Amino acid sequence: MPVVPTKEILDRALDGRYAVAAINVVNDLTTEAVLAAAVEEAAPVILQTSVKTVRMYGRDQLIGLIRGLAEPVPVPVAVHLDHCPDRAVIFDCLAGGWNSVLFDAHRLDVAENLRQTVEVVAEARRYGAHVEGEIEGIQGVEDGLGSDAAPVVQSLEVAVDFIRRTGVDCFAPAIGNAHGRYKAAPTLDHQRVSDLVAATGVPMALHGGTGLSDEQFTDLIARGCAKVNISTALKETYMRSSLEFLRDAEARDRWDPPSLFTHQRTAVMEMARRHIRLFGGSGRAW
Ligand code: 13P
């Protein structure tokens, strides 16, 4: 199965009321491990990249690496650009082969955000690509973007009007969710997800997936969160497994890079599999 349009992955998930794990990968090892988990689970998957990762690798090198690993796998995969307020980077990634982008213009007022999102949707369509929209900001800083302040949440009417008039393919509502580790169990506005999906028929993206409870995931996915974003869990799993292995290597004075990579891969794969299963994605590949 080649890399497929994000909308195809999300619309099927919304119809089947399961969610696709959208996991922020940071390099070749984490990309391959997430893909391997999706293959073992026979699940569609979305590989996300932050703007920071795009800048670190350079566009062509990053998309070459991801597509090179994704294209041969037997499950549907889409490549998505996570939170991006910068139109130049959006355009560059659309032209470079990303299947979708999150145009994160929540810092603009809603009218200007809407006007620019209409343009981004038109740009994306020229590449057969799709767009996630956002008007509120998700609490927490991730890869240098965002804020710890609680977002100003717009009314249901404003959000529905934005989704309808922009034609976005997916929408990221603020419902009490946050990027990074939750300091206390969050109280989520799950009714807002139901109301947005009922009014628009558009799949919702659940941000801040790391640290939500199994029950919260299950409930929000049943209400129409068809894309669930996971970033912090990958970073922590990757780095903690590395630390654990390297501490042991130091204690034993044994330095074998391939064993380190196997250890990291196993840990990231297990993390990805756990989320894919929990989100109901297993066996959903076509
Ligand atoms: P976490 O870092 O909390 O998993 O959130 C990921 C996310 O929403 C990426 O946009």
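See the structure shown above.
Quick summary incoming for the structure in this document. This is a predicted model, so every value here is computed, not measured. (Residues numbered from 1 in each chain as written. Predicted model: local features only at pLDDT ≥ 70, side-chain atom pairs only at ≥ 80, totals over all residues. Heavy atoms only, no water.)

### Quick look at the pairing of strand 2 (residues 45-49)
Note the threshold: Accessibility here uses a 1.4 Å probe with only protein chains present; expressed as a share of the type maximum, an area under 20% marks a residue as buried, one over 50% as exposed, and anything in between as partly exposed. Put simply, DSSP H or I for four residues or longer makes a helix, DSSP E for two residues or longer makes a strand, and each gets a number counted from the N terminus. Strands pair, by our definition, only if DSSP identifies at least two bridges between them. We call a crossover right-handed when, viewed with both strands directed away from the observer, the connection leading from the first strand over the helix to the second proceeds clockwise.
Along strand 2, five of the five residues are buried, which leaves the element largely enclosed by surrounding structure. In strand 2, alternate side chains face the same way, and those of Val45, Leu47 and Thr49 on one face and Ile46 and Gln48 on the other are all buried. In the sheet, strand 1 (residues 20-24) pairs with strand 2 via three bridges, with the strands oriented parallel. In the sheet register, Ala22 faces strand 2, and the bridge partner there is Ile46. For the crossover that starts at strand 1, traverses helix 2 (residues 28-41) and ends in the parallel strand 2, the hand is right-handed. In terms of strand pairing, strand 2 meets strand 3 (residues 77-84) through five bridges, oriented parallel. Bridging across to strand 3, Gln48 finds its partner in His80.

### A short note on the site of the ligand
Applicable threshold: We call a residue near a molecule or strand whenever a single non-hydrogen atom of that residue lies within 4 Å of it. Side-chain atoms alone can form a polar contact between residues adjacent in sequence; in general such a contact is a pair of N or O atoms within 3.5 Å, and within protein one must be able to donate a hydrogen while the other accepts it. Buriedness of a pocket was judged along seven lines, with at least five required to meet protein on both sides within 12 Å; pockets are open sets of points on a 1 Å grid over the protein atoms alone, cavities are sets where a 1.4 Å probe fits but cannot get out, and lining residues have an atom within 4 Å of a point. Here the criterion for a molecule occupying a pocket or cavity is that more than half of its atoms lie within 2 Å of the pocket grid points. Each residue gets one of three labels, nonpolar for Ala, Val, Leu, Ile, Met, Phe, Trp, Tyr, Cys and Pro, charged for Asp, Glu, Lys and Arg, and polar for the others, Gly among them.
Around the ligand, a shell composed of 15 residues is seen, among which Asp82, Glu142, Gly208, Thr210 and Thr232 lie nearest. The contact in question runs from an oxygen atom of the ligand to an N or O atom on the side chain of His179, over 3.1 Å. At 2.5 Å, a side-chain N or O of Thr210 approaches an oxygen atom of the ligand. One can see that the ligand is located within the largest cavity. Breaking the shell around the ligand down by element, the ones donating at least two residues are strand 3 and strand 10 (225-230). Looking at the shell around the ligand residue by residue, the class counts come to two nonpolar, eleven polar and two charged.

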